[in-house]
Structure formats: structure tokens, C-alpha cells
Amino acid sequence: MAHPNRTVSLVLGSGGARGLAHIGVIDWLTENGYEIRSIAGSSMGAMIGGIYAAGKLDVYTRWVLALQRLDVIRLLDLSFGSTGLFKGERVIGVLKELIGDRNIEDLPVPFTAVATDIQNGKEVWLSRGPLFDAIRASMAIPTIFTPHTIEGRQLVDGGLVNPIPIAPTLRDRTDLTVVVNASAPPAGDLATPLLGEDPDDDATGIYRQRIVKFIAELTHRRKVKKEEMGLFDILSRSMDTMQDLIARFQLAAYSPDVVIEIPRDVCSVYEMYRARELIELGRARANTMLGRP
């Protein structure tokens, strides 16, 4: 039963692995009687929101909770082109098998994914067509994942132009608009744990160990001097800074009813293997903002 007068338009922001906190927010809302009537999402928010709209979030949650560091690495498919390091097709293929692809217009909950047309810099709303095409386009972080082409348009990460896409929900007839901002200002020194040894290393040889080391260097947030930051540190922090600025403008312009903030220093954008703690963080933040006093 829905919470009295509490139907929700849910806006899920970009933020890489931090977007796993969206799962905890959704869990808290549904467990406390709120009815999610529509969802708009950008980047990781598009993935979580689209899978929820398809009625398969429980399946995805079980899968992501089982991911280990090497599992994340196995999902990376190197691109030998010049438009991105990874193709992103392997993870989408796994999710299609797990969730099943459907057209967005056939989903039980209205859903919009936001992407960026890289050729004209415009925001693109994807509310029709194959669900995982929209998710793949919305998550195509520039230089990391290759762009995804839909109807002749080269699309990249929606977070470039709209990290918290409130506008697609403005015509909804719901009681509350709830925004989850997964690129919120830092909460303090929340260093990530060291990337330790994996028991699979001995069985997979030196080649995989080198891959592990490579990814570790990309994803592990170390305490280093500013001049020692690597390419991916610079890229990640630049994206976070840009998205935070855009998000502030969006929040000021649209004034949603509830904003749940996930600080951008809780983890790096690549640490998908930290799903359990990120989901719990989302649940706790939702309870703080929406729980009864």
C-alpha cells in the first residue's frame, strides 16, 4: 500500500559506482509505502532507474552484490579505436542476459534516460526504444567508453549536460519529486580501502596480475601530492566538479521536494565491488531525509 499522499517522481543522478546508493534509496521508498510513479536518470542513475522500471532491480542487486574486483575487470572490453578505452558492450550484454531487454515504452513504470549528443552538445531524452540502448548511451563517459549511436546521433554520458535530470518529471502528477544527487559535495576524508590481493591471481598468471595492477592504479584513490595525480584522477575529479556545478543550477531552477545527497568522496566512480556499503548508505540517507522524526 502506498504511503498516504506520497506518490513519487524519482530523479537518479550520475556518479559511477556512487550510483549504487540509488538502490538503497529505492529500497527504502518501497519498504516505507511510497509509490514510484516515474523515473528519470542520468548515467548510472539511468542504469539503476531503467532496471527498476523494468521490475528487475532485485535481480540486478543480487548480481552486483556478488561482484568482486576481478569480476569488474572481466567486464571491461578494450576498444582499439580512438573514441574510448572500453567498448562497454560486454557489461551491457551481461545485463541483457540477466534482465532481458525491453522497449522503454512497454515498461510498467515510465522512464527517461538522459544522454548528450556529442556533435551539437545538446541534451537528449530517451523515452522510447530498447532499454539497454538508452542505458548504454547515457553511461558513455567520454574517453572511458566509446559513444553509442542511436538514430544517427553519437551519444555520450548524460552527466555532461544534466547530472540530475529533473525536467523530464515536471509534468508528472505526483506528490513528491525526490532527487538523488550522487555527485554531492565531499563529506570529508573518506579514503577507499586498499586494493588487496585476490585469490584468483595465482591461477590466472602474470598477465591478469598486470591488468589488476593497471585497473588498481586507475581506480584506487591514494593520498598523493596534486602534481602526482594521474590522468584518470584528473578526469574523474574534473567530471565531479563539473557535475556538481550543473547540479547546483538544476536544484536552484527546479526546487524539488526532497534532495538526497551522496557525497562524491564516498568512493571512486569505478568501485562497483563496494555495492553493499553504498546501498546501505543510500538507505541511510533516504531515512535521514524522509524518515519520521
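Please refer to the structure placed before this passage.
Computed from a predicted structure; not experimentally measured.

About the criteria used
Residues numbered from 1 in each chain as written. Predicted model: local features only at pLDDT ≥ 70, side-chain atom pairs only at ≥ 80, totals over all residues. Heavy atoms only, no water. Pairing = 2+ DSSP bridges. Helix = DSSP H or I, 4+ residues; strand = E, 2+ residues; numbered from the N terminus. Buried < 20%, exposed > 50% of the residue type's maximum accessible area, 1.4 Å probe, protein only. Contact = heavy atoms within 4.5 Å. Salt bridge = Lys/Arg side-chain N within 4 Å of Asp/Glu carboxyl O.

K.L.:
Help me understand the pairing of strand β8 (residues 153–157) in this model?
P.N.:
Pairing between strand β4 (residues 111–117) and β8: 3 bridges, direction antiparallel. Across the sheet, the residue bridging to D117 is L155, located in β8. With 3 bridges joining them, strand β7 (residues 148–150) and β8 adopt antiparallel strand pairing. Opposite T149, over in β8, you have Q154 as the bridge partner. Once β7 ends, the chain turns through 2 residues before running back antiparallel as β8, passing E151 with a positive phi of about 50°.

K.L.:
Please clarify how helix α1 (residues 21–31) should be interpreted in this entry.
P.N.:
Residues that lie three or four places apart on an α-helix share one face, since the helix turns once every 3.6 residues. Counting buried positions over the 11 residues of α1 gives 8, a clear majority of the element. The complete set of buried residues in α1 reads A21, H22, I23, G24, V25, I26, W28 and L29. Of the residues flanking the end of α1, it is G33, one or two places downstream, whose phi is positive at about 85°.

K.L.:
Which parts of the structure should I look at to understand unusual backbone geometry?
P.N.:
Among all residues except glycine, the phi angle is most often negative; among peptide bonds, the trans geometry is most common. Its identity is not glycine, yet S43 carries a phi of approximately 60°, on the positive side. Classification of S43 by relative accessible area gives buried; the value is 5%. Although it is not a glycine, S255 sits at a positive phi angle of roughly 45°. Here S255 is to be found in the loop between α8 (231–254) and β10 (258–263). The class for S255 is exposed, based on a relative accessible area of 54%.

K.L.:
What exactly am I supposed to notice about the side chain of T61 here?
P.N.:
With respect to the helices and strands, T61 occurs in helix α3 (residues 57–65). What makes T61 buried here is its relative accessible area of 13%. Beyond its immediate sequence surroundings of up to four residues, T61 is in contact with I23 and I279.

K.L.:
Can you walk me through the pattern of salt bridges in this structure?
P.N.:
A pair can form between side chains of opposite charge whenever their charged atoms are brought close. By the definition in use, this model includes 11 salt bridges. R283 is paired through a salt bridge with E280; the nearest N and O atoms lie 3.9 Å apart. Here R283 and its partner E280 are both found in helix α9 (residues 275–290), 3 residues apart, which amounts to about one turn of the helix. Taking relative accessible area as the criterion, R283 reaches 21% and is therefore assigned partly exposed. Given the relative accessible area of 43%, E280 is considered partly exposed. Through salt bridges with shared partners, one network takes in D27, E31, E280 and R283.

K.L.:
Would you mind going over the environment of K56 with me for this structure?
P.N.:
Positionally, K56 belongs in the loop between α2 (44–53) and α3. With 43 residues separating them in the primary sequence, K56 and I99 have C-alpha atoms 6.3 Å apart. Discounting chain neighbours no more than four positions away, the residues touching K56 are I51 and I99.

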